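# Report on the structure
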Amino acid sequence: MKNIINTEAAPAAIGPYSQGVSFGDLVMTSGQLPLDPATMAFPEGGVKEQTRQSLLNVKAVLEQSGASLETVLKTTCFLAKMEDFAAFNEVYTEFFGSPGAPARSCIQAGKLPKDALVEIEAIAYIKK
């Protein structure tokens, strides 16, 4: 059964999509922009601050579903500039570590919504 995931701990959708969807034990988040859910603004700073906020948003959606960062199987990461890859990885490693990190794709996007520097989506499972 498909379940829609919605939490006030992550930014509200800015289009016709859900923050996340679960089906059975699988959870898929929509791409999470680095918007602070309280202000709907980007954090001050650069790609590190935006990466941290995007990952906090992913975490909030996952936790609302019963999953967690520990159960993430795969992420897809979009960067506005591949030159930010090393800085992005520094923060990403804080959340997922290096050994045992989930599978990942990371690409440079032509342009991200609201001119974000990063957007991150995840596929996880709910541990029973």
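Presented here is a report on the structure given in the accompanying data block. The structure displayed is predicted, hence computed values, not measured ones.

About the cut-offs
- Residues numbered from 1 in each chain as written.
- Predicted model: local features only at pLDDT ≥ 70, side-chain atom pairs only at ≥ 80, totals over all residues.
- Heavy atoms only, no water.
- Helix = DSSP H or I, 4+ residues; strand = E, 2+ residues; numbered from the N terminus.
- Buried < 20%, exposed > 50% of the residue type's maximum accessible area, 1.4 Å probe, protein only.
- Core = buried A, V, L, I, M, F, W, Y, C linked by side-chain atoms within 4.5 Å.
- Contact = heavy atoms within 4.5 Å.

Another aspect to go through is the environment of Lys 127. Tracing the backbone shows Lys 127 in the segment after strand 6 (118–125). What makes Lys 127 exposed here is its relative accessible area of 56%.

Ranked by size, the top nonpolar core spans 23 residues in total, and within it Leu 62, Val 72, Phe 88 and Ile 120 carry the most contacts. Secondary-structure elements contributing two or more residues to this core are helix 1 (47–65), strand 4 (72–79), helix 2 (85–96) and strand 6. The leading source of residues in this core is helix 1, at five residues. Beyond its immediate sequence surroundings of up to four residues, Val 72 is in contact with Leu 62, Phe 96, Pro 102, Ala 122, Ile 123 and Ala 124. Ranked by size, the runner-up nonpolar core spans six residues in total, among them Leu 33, Leu 35, Phe 78 and Leu 112.

A few words now on the side chain of Gln 53. Turning to its location among the elements, Gln 53 is positioned in helix 1. A residue is classified by how much of its surface remains accessible, and Gln 53, at 13% relative accessible area, is buried.

Below, the discussion takes up unusual backbone geometry. What is expected of a backbone is that most residues other than glycine have negative phi and most peptide bonds are trans. Positive phi outside glycine occurs at Lys 114, with the angle close to 60°. Turning to its location among the elements, Lys 114 is positioned in the loop between strand 5 (103–108) and strand 6. Of note, Asp 115 is a non-glycine position whose phi angle comes to about 60°, a positive value. Along the chain, the position of Asp 115 falls in the loop between strand 5 and strand 6. For Asp 115, a relative accessible area of 52% puts it in the exposed group.

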